[in-house]
Amino acid sequence: MKRLSSLSIAIIAAVSAAPAIANEPIQIIEPAKITAPEKVELGKMLFFEPRLSISGFISCNSCHNLSLGGVDALPTSIGHNWQEGPINSPTVLNAEYGLAQFWDGRAKDLKEQAGGPIANPGEMGYTHELAVTTVDSMPAYQAKFEAIYGKNSVNIDNITDAIAEFEKTLVTPNSPFDLYLNGDKSAITAEAKSGYQLFKDKGCTSCHNGPAVGGTMYMKMGLVKPFHTSNPAEGRIAVTGNAADKFVFKVPTLRNIELTYPYFHDGATWTLEEAVNTMADIQLGQQLSETEVKEMVAFLKSLTGEQPQIVLPILPPSNANTPRPVPFGK
């Protein structure tokens, strides 16, 4: 009877705790579940493969550096021939949680996104056809594609599929805030707890919610007051053609936000303090006190999770059939 009572108490405690977590606007980031390790490994090779660019120098990791929180830590990225990118590079970490990809949501998923930069003359500067020719020229890649996708399977569809499968593993679980949500009330500081309550009270969770603390909706940048920037990007209007979508962007994830500076689509804001003040002003029409800003920043820093531990892949050598890189040409 005593044993049954102990078990009953444990069940009651678990059931009581579950709704508290479920009712929170932010959910826990779960560790990656890898069901196709060979495909993930191939995708990793292609993610770090600079020969998918015309210069033979730029890879996916150039703009989504996994040593820097999945970004390049620049206002806007550097493309082929040192071209200035049009917009800040969003993090690839936890990107699978987004309703779409890119700031304007023009790619429906990670697979579609992976093909964009390869053929963009301002980014990797290649073509899909040449990218396929390059990969298919190397026997080691041919063998891996054949083992995973079948014979004669080196094509852009499978290249982007493999990259996407790798990117799906780039999640960052076990942040202090996740541990807090999971019941460890000592995992974050009192200041961070106050910041989270403030984050909810001010209405920030109406846009920044879910496991990624964002990425689930589009919102106008400058909802209450205009957002002043020299960046030419106009958001969803470029996709929909709808005038109401001007300056409407995908709400970014706040996971690992202390690592993914500079902030906003123009990359002009370098500190979390300034970012918090700007959002309070232009999105909420409110001014925060110095204490409130510190609390909010403490909460945001608690969202930094375990970074993916990546062993760099060894890429196959080029050969006589591999297209030569053109690092300095037009």
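Residues numbered from 1 in each chain as written. Predicted model: local features only at pLDDT ≥ 70, side-chain atom pairs only at ≥ 80, totals over all residues. Heavy atoms only, no water.

Caption draft 1: Fine view of the overall build of the protein. When helices and strands are tallied, the protein shows 12 helices and 4 strands. Relative to the compact-globule value of 20 Å for 330 residues, the protein shows a C-alpha radius of gyration of 22 Å, a close match. Summarising its shape, the C-alpha atoms of the protein cover approximately 70 × 60 × 30 Å along the three principal directions. A burial count over the protein gives 46% of its 330 residues as buried. (Helix = DSSP H or I, 4+ residues; strand = E, 2+ residues; numbered from the N terminus. Rg over C-alpha atoms; globule rule 2.2 N^0.38 Å. Buried < 20%, exposed > 50% of the residue type's maximum accessible area, 1.4 Å probe, protein only.)

Caption draft 2: The side chain of Asp 266, seen in detail. On the secondary structure map, Asp 266 appears in the loop between strand E4 (248-250) and helix H11 (272-284). Put simply, Asp 266 is tucked away with no salt bridge, and the nearest opposite charge, on Lys 246, sits 15 Å away. If we ignore the near neighbours within four places in the chain, the residues touching Asp 266 are Pro 75, Thr 76, Asn 88, Phe 227, Thr 229 and Asn 231. (Lys, Arg positive; Asp, Glu negative; His and termini not counted. Salt bridge = Lys/Arg side-chain N within 4 Å of Asp/Glu carboxyl O. Contact = heavy atoms within 4.5 Å.)

Caption draft 3: Examining the nonpolar core more closely. Ranked by internal contacts, the top residues of the largest apolar core, which has 33 residues, are Ile 26, Phe 177, Phe 199, Met 296, Phe 299 and Leu 300. Secondary structure elements with two or more residues in this core: helix H8 (176-181), helix H9 (190-201), H11 and helix H12 (290-301). The element best represented in this core is H12, accounting for 6 residues. With sequence-adjacent residues up to four places away left out, Leu 300 is seen in contact with Phe 199, Leu 254, Ile 257, Leu 272 and Val 276. Membership of the second largest hydrophobic core comes to 29 residues, among which are Val 92, Ala 114, Met 124 and Ile 159. (Core = buried A, V, L, I, M, F, W, Y, C linked by side-chain atoms within 4.5 Å.)

Caption draft 4: Just the environment of Thr 269, in detail. For Thr 269, the position within the fold is in the loop between E4 and H11. Given a relative accessible area of 5%, Thr 269 falls into the buried group. For Thr 269, the residues in contact, after removing those within four places along its chain, are Pro 262, Tyr 263, Phe 264, Glu 274 and Ala 275.

Caption draft 5: Seen up close, unusual backbone geometry. Residue Pro 262 is bonded to the preceding Tyr 261 through a cis peptide linkage, with omega at -10 degrees. Relative to the elements of secondary structure, Pro 262 occurs in the loop between E4 and H11. Despite not being glycine, Asn 174 has its phi angle at roughly 60 degrees, a positive value. Here Asn 174 shows up in the loop between helix H7 (156-167) and H8. A relative accessible area of 38% places Asn 174 in the partly exposed class. Although it is not a glycine, Asn 256 sits at a positive phi angle of roughly 60 degrees. As for its position among the elements, Asn 256 is in the loop between E4 and H11.

Caption draft 6: Just the packing of aromatic side chains, in detail. Under the defined criterion, the tally for this structure stands at 11 aromatic pairs. Ring plane angle 90 degrees and centroid distance 6.2 Å describe the contact between Trp 103 and Phe 249, whose orientation is recorded as edge-to-face. Residue Trp 103 is found in the loop between strand E2 (83-84) and helix H4 (110-119), and its partner Phe 249 is found in strand E4; the two are separated by 146 residues along the sequence. With respect to burial, Trp 103 and Phe 249 carry one shared label: buried. (Phe/Tyr/Trp six-rings, centres within 6.5 Å; stacked < 30°, edge-to-face > 60°.)

Caption draft 7: Inspection of H9 at higher detail. Spanning 12 residues, H9 covers 16 Å between terminal C-alpha atoms, matching the ideal 16 Å at 1.5 Å per step. Residues of H9 that are buried include every one of Ala 192, Gly 195, Tyr 196, Leu 198 and Phe 199, and no others. Down the axis of H9, the sector holding all buried residues measures 160 degrees, keeping them to one side. Exposed and facing more than 90 degrees away from the buried side of H9 are Ala 190 and Asp 201. Summarising the contacts, the buried residues of H9 are in contact with H8 and H12. (Expected span 1.5 Å × (residues − 1). Arc of directions from axis to C-beta.)

Caption draft 8: Representation of H7 in the model. In this model, H7 (12 residues) spans 16 Å end to end at C-alpha, consistent with the 16 Å of a helix rising 1.5 Å per residue. Along H7, 10 of the 12 residues are buried, which leaves the element largely enclosed by surrounding structure. Residues of H7 that are buried include every one of Asn 158, Ile 159, Thr 160, Asp 161, Ala 162, Ile 163, Ala 164, Glu 165, Phe 166 and Glu 167, and no others. Packing partners of the buried residues in H7 comprise helix H2 (37-47), helix H3 (60-63), H4, helix H5 (128-136) and helix H6 (139-149).

Caption draft 9: Geometry of the UniProt feature "domain: Cytochrome c" (unreviewed entry) in the protein. Residues annotated by UniProt as "domain: Cytochrome c" (unreviewed entry) correspond here to residues 38-146 and 190-304. The span residues 38-146 shows a helical share of 38% and a strand share of 4%, and its end C-alpha atoms are spaced 11 Å apart. Overall, residues 190-304 shows 36% helix and 5% strand. The separation of its end C-alpha atoms is 17 Å. (UniProt positions renumbered as here; feature names shortened; annotations may be inferred.)

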